[in-house]
Amino acid sequence: MKGKYGVRKANVADVKSIHGLLMQEALKGMLLPRALAYLYGHVRNFFVCEDEDGVIVGCCALAPVWDDLAEICSLVVRDDKRGEGLGRLLVETCEEDSRVLGVSKLFALTYKEQFFNHIGFATVEKDVLPQKIWADCVHCPKYPDCDENAVLLDLSDKNPAEKGE
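The shown structure was predicted, so the numbers you read here are calculated from the model rather than taken from an experiment.

Rules used in this analysis
- Residues numbered from 1 in each chain as written.
- Predicted model: local features only at pLDDT ≥ 70, side-chain atom pairs only at ≥ 80, totals over all residues.
- Heavy atoms only, no water.
- Helix = DSSP H or I, 4+ residues; strand = E, 2+ residues; numbered from the N terminus.
- Buried < 20%, exposed > 50% of the residue type's maximum accessible area, 1.4 Å probe, protein only.
- Contact = heavy atoms within 4.5 Å.
- Phe/Tyr/Trp six-rings, centres within 6.5 Å; stacked < 30°, edge-to-face > 60°.
- Lys NZ or Arg CZ within 6 Å of the ring centre and 35° of its normal.
- Pairing = 2+ DSSP bridges.
- Axes fitted to C-alpha atoms, helices over the stretch in contact; angles between N-to-C directions.
- Salt bridge = Lys/Arg side-chain N within 4 Å of Asp/Glu carboxyl O.

(A) Representation of the overall build of the chain. Of regular secondary structure, the chain possesses five helices and seven strands. Reading the chain from its N terminus to its C terminus gives the helix and strand order β-α-α-β-β-β-α-β-α-β-α-β. For the chain, the residues scored as buried account for 41% of the 165 residues in total. Looking at the chain alone, contacts between residues at least 24 apart form 67% of all its contacts between residues at least 6 apart.

Laid out in structure tokens, this is it:
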């Protein structure tokens, strides 16, 4: 819990709120749109951040890609809640979940490279993510001319004591 906000696993009742957040960013060209059917099928990957009234103000998904690799995707915080540390809180929740899953590396494809760099991710070339490219990117309308930046966090390099665990 960060002040008046909490993060929890998403459930099917959250899908329409998640869809609304994602579509607002998709209309700005900041991420690819996701259909409701896709979100219902992948709801188990999502976390939501909600305020003390239960209003969803952010979301993020953790999507395993390979035996040691998972993607942080669909990270959105409502415009009026940005700058309060909620994006970081959502990513940290995904980091914790990735440890439970046994995943040692997290990556994201993003236009917000500085945000991820600020919280410990390193910028890398996309070719270090061949599993992602051949599983998902080849189906993307932007492929092969993707203009997102790849960022990577090696959790095996991160000491849990650094986070106060």
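(B) Looking closely at the environment of S74. Note on placement: S74 falls in strand 4 (residues 69-77). By relative accessible area, which is 12% here, S74 ends up buried.

(C) Fine view of the packing of aromatic side chains. Evaluated as defined, the whole model comprises two aromatic pairs. On the numbers, 5.1 Å between centres and 80° between planes, the contact of F115 with F116 is edge-to-face. With a relative accessible area of 4%, F116 lands in the buried category. The structure contains a cluster of three or more aromatic residues connected by ring pairs, namely F115, F116 and F121. Cation over ring: K9 sits above F47, and NZ or CZ is 4.6 Å from the ring centre. Between the NZ or CZ atom of R34 and the centre of the ring of Y38, over which it lies, the distance is 4.6 Å.

(D) Representation of the environment of V128 in the model. Considering the arrangement of structural elements, one finds V128 in the loop between strand 6 (122-124) and helix 5 (130-135). Judged by relative accessible area, V128 falls into the partly exposed class, the value being 43%. With 24 residues separating them along the chain, V128 and L152 place their C-alpha atoms 9.4 Å apart.

(E) Seen up close, the sheet that holds strand 6. Pairing is mixed across the open sheet formed by seven strands, whose spatial order is 1-2-3-4-5-7-6. The open sheet has two edge strands, strand 1 (6-9) and strand 6, and neither has a second partner. Each neighbouring strand pair of the sheet contributes to a mean axis angle of 30°, computed without reference to strand direction. Bridge analysis of strand 2 (residues 46-50) against strand 3 (residues 56-66) gives five bridges, and the strand direction is antiparallel. Its bridge partner lying in strand 3, E50 is registered against I56. Sitting on the sheet, helix 1 (residues 15-27) touches strand 2, strand 3 and strand 4, and the angle it makes with strand 3 is about 85°.

(F) Structural view of the side chain of E148. Checked against the element boundaries, E148 lands in the loop between helix 5 and strand 7 (149-154). Apart from the residues lying within four places of it in its own chain, the contact partners of E148 are L109, T110, Y111 and K126.

(G) Structural view of the pattern of salt bridges. In the structure shown here, the tally under the stated rule is nine salt bridges. For the salt bridge of D79 with K28, the shortest nitrogen-to-oxygen distance reads 2.8 Å. Here D79, found in the loop between strand 4 and helix 3 (86-101), pairs with K28, found in the loop between helix 1 and helix 2 (36-41); they are 51 residues apart in sequence, far enough to count as distant. Overall, the relative accessible area of 44% leaves D79 in the partly exposed class. The partner of R82 in a salt bridge is D79, and the shortest N-O contact between them spans 3.0 Å. The network of salt bridges with shared partners includes E25, K28, D79 and R82.

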